[in-house]
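# Breakdown of the fold
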Amino acid sequence: MPRPRILSGMRPTGALHLGNLMGALDNWVRLQDPYDCFFAIVDWHSLTTDYADPGPIRENILEVACDWLAAGLDPSRSTLFIQSLVPEHAELHLLLSMIVPVPWLERVPTYKEQQQQLSEKDLSTYGFLGYPLLQTADIVIYKADAVPVGEDQAPHVELSREIVRRFNNFFGPVFPEPQTLLTEAKRIPGTDGRKMSKSYGNAVYMKDDPETMRQKIKPMVTDPARMRRTDPGNPDKCPVFDLHRAFSSPETQGWAAEGCRTAGIGCLDCKGRLIEHMLARLQDVHARRPQFAARPDTVWDILLEGSKKARTVAQVTMDEVRAAMKISYPRK
Ligand code: TRP
Ligand code: SF4
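This part is about the environment of Asn169. Mapped onto the fold, Asn169 is located in helix 9 (residues 154–171). Overall, Asn169 belongs to the exposed group, its relative accessible area being 67%. A C-alpha to C-alpha distance of 53 Å links Asn169 and Gln253, two positions 84 residues apart in sequence.

The structure is reproduced here in structure tokens:
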């Protein structure tokens, strides 16, 4: 039995932070054995919002790839590739655009949300409306059985199922309906207590060295009730404790919760132990990343190799799609 196939993607927005690692990447790394994995750096998706400033995309692809490899994505087991190096994604996106009713795209929740959130950008474009359709093409061109994503992306995968049903109704059963493989959402707060995000300036990056990590965690926001060392606190109201939940052993979590509630420990003690656990968890990442970052040519080669493999699969699907749509003509 061949392993079921999964596909997922990330936009090349730059260096990845611990929220990306614990929320998505770490999960992908574990999926590499049970699944036939395709992981795409979706540069065209970046253009849907950053079309006016595409300059950083090239460098960002490299940053993301270094973080992927440092996290343990393994090009000998998984196909790691760049979306735009498989131009068949664009062809399928175009063909799907013929059958998708515009209201299906307009009612995707992220459409209006993102337009409001990124109101400084003009996102009334054709390309931005088509964002989830391009994502559908990414998924179905590999006939992926499932898509590992967080809750926020579930409506996009749902849309891709609806589009698959419509396509198969018109043209016959070409695509399987992709399932959502929901990644459990761990709360990874940034240093200011809000959700960790590059745009908030509160992120700890995978590429930060241990000293930088210490410097970022030390002043991190805690339960505001602990004004003084002698004030007891509530770990459930403390973002540092959320990080303990993600990184620390059950013993350390117990120690921190108890010490916090009884004022038996200070916040600096608590953060000190947290850092030890974070650094232990990131040891392999820290060991691997500089080796890739120092050899950008090797990293590009890995992505080019993966893109070639992906393209072979995508081309087979497109032959089938053209045949099903009766636009398959003799080719030289
Ligand atoms: N929209 C996804 C995100 O922002 C990125 C993405 C593009 C993706 N194509 C995909 C995710 C295909 C899963 C499958 O996270
Ligand atoms: Fe947060 Fe730890 Fe301080 Fe409690 S002791 S408030 S959990 S940092």
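Following the structure, the description resumes.
This part covers unusual backbone geometry. Despite not being glycine, Lys143 has its phi angle at roughly 50°, a positive value. By secondary structure assignment, the location of Lys143 is in the loop between helix 8 (131–140) and strand 4 (146–149). With phi around 60°, Lys326 is a residue other than glycine that occupies positive phi space.

Note on placement: Cys260 falls in helix 12 (residues 250–261). Classification of Cys260 by relative accessible area gives buried; the value is 10%. Beyond its immediate chain neighbours, meaning those up to four positions away, Cys260 contacts Arg226, Pro232, Gly233, Asn234, Pro235 and Ile265.

This part is about helix 12. Taking 1.5 Å of rise per residue, the 12 residues of helix 12 would be expected to cover 16 Å, and the 16 Å separating its terminal C-alpha atoms lies within 8% of that figure. If you check which residues of helix 12 are buried, you get Thr252, Ala256, Ala257, Gly259 and Cys260. In this structure, the buried residues of helix 12 make contact with helix 11 (239–247) and helix 13 (267–281). Count one or two residues on from helix 12 and you reach Ala263, which has phi positive near 55°.

Glancing now at the site of ligand 2. Surrounding ligand 2, one finds Thr222, Asp223, Arg226, Cys238, Val240, Phe241, Cys260, Cys267 and Cys270. Listing elements by their share of the shell around ligand 2, those giving two or more residues are helix 11 and helix 13.

In the vicinity of ligand 1 there are 13 residues, among which Gly9, Tyr131, Gln135, Asp138 and Gln153 approach most closely. Within the side chain of Tyr131, a nitrogen or oxygen atom sits 2.7 Å from a nitrogen atom of ligand 1. Within the side chain of Gln135, a nitrogen or oxygen atom sits 3.0 Å from a nitrogen atom of ligand 1. The fraction of the free accessible surface of ligand 1 (370 Å²) that becomes covered by protein chains is 91%.

The next point concerns the packing of helix 8 against helix 9. It is the contact of helix 8 with helix 9, at a shortest axis distance of 9 Å, that shows an interaxial angle of 70°. By the criterion of interaxial angle, the relationship of helix 8 to helix 9 is roughly perpendicular. Contacts from Tyr131, Pro132, Leu133, Gln135, Thr136, Ile139 and Val140 in helix 8 reach His156, Leu159, Ser160, Ile163 and Val164 in helix 9.

This part is about the pairing of strand 3 (residues 79–82). Burial along strand 3 is two-sided: Thr79 and Phe81 facing one way and Leu80 and Ile82 facing the other are all buried. Across four bridges, the pairing between strand 2 (residues 36–41) and strand 3 is parallel. The residue of strand 3 that forms the bridge with Phe39 is Leu80.

Applying the stated criterion across every chain, the model contains 11 aromatic pairs. On the numbers, 5.8 Å between centres and 25° between planes, the contact of Tyr111 with Phe128 is stacked. Within this pair, whereas Tyr111 is found in helix 6 (residues 109–117), its partner Phe128 is found in helix 7 (residues 126–129), the two being separated by 17 residues in sequence. When sorted by exposure, Tyr111 lands in the same class as Phe128, which is buried. Counting every residue linked through ring pairs, the aromatic cluster contains Phe167, Phe170, Phe171 and Phe175. Positioned over the ring face of Trp104 is Arg166, at 5.5 Å from the centre of the ring. Its end group placed over the ring of Trp255, Arg273 keeps NZ or CZ at 4.0 Å from the ring centre.

What tends to happen in soluble globular proteins is that the nonpolar side chains get buried as a cluster. Of all hydrophobic cores here, the largest spans 57 residues; its most connected members are Leu18, Leu25 and Trp68. With 10 residues, helix 3 (residues 57–71) is the largest single contributor of residues to this core. If we ignore the near neighbours within four places in the chain, the residues touching Leu18 are Ile188, Met196, Val204, Met206, Met213, Phe247, Met278 and Leu282. Among the nonpolar cores identified, the runner-up in size contains 40 residues, and Leu92, Leu105, Tyr111 and Ala324 belong to it.

Reading the values: the criteria
- Residues numbered from 1 in each chain as written.
- Chains lettered and ligands numbered in written order.
- Predicted model: local features only at pLDDT ≥ 70, side-chain atom pairs only at ≥ 80, totals over all residues.
- Heavy atoms only, no water.
- Helix = DSSP H or I, 4+ residues; strand = E, 2+ residues; numbered from the N terminus.
- Buried < 20%, exposed > 50% of the residue type's maximum accessible area, 1.4 Å probe, protein only.
- Contact = heavy atoms within 4.5 Å.
- Expected span 1.5 Å × (residues − 1).
- Near = heavy atom within 4 Å.
- Polar contact = N/O pair within 3.5 Å; in protein donor to acceptor, adjacent residues only side chain to side chain.
- Areas by Shrake-Rupley, 256 points an atom, 1.4 Å probe, with all protein chains shown as cover.
- Axes fitted to C-alpha atoms, helices over the stretch in contact; angles between N-to-C directions.
- Parallel < 35°, antiparallel > 145°, perpendicular 65-115°, else oblique.
- Pairing = 2+ DSSP bridges.
- Phe/Tyr/Trp six-rings, centres within 6.5 Å; stacked < 30°, edge-to-face > 60°.
- Lys NZ or Arg CZ within 6 Å of the ring centre and 35° of its normal.
- Core = buried A, V, L, I, M, F, W, Y, C linked by side-chain atoms within 4.5 Å.

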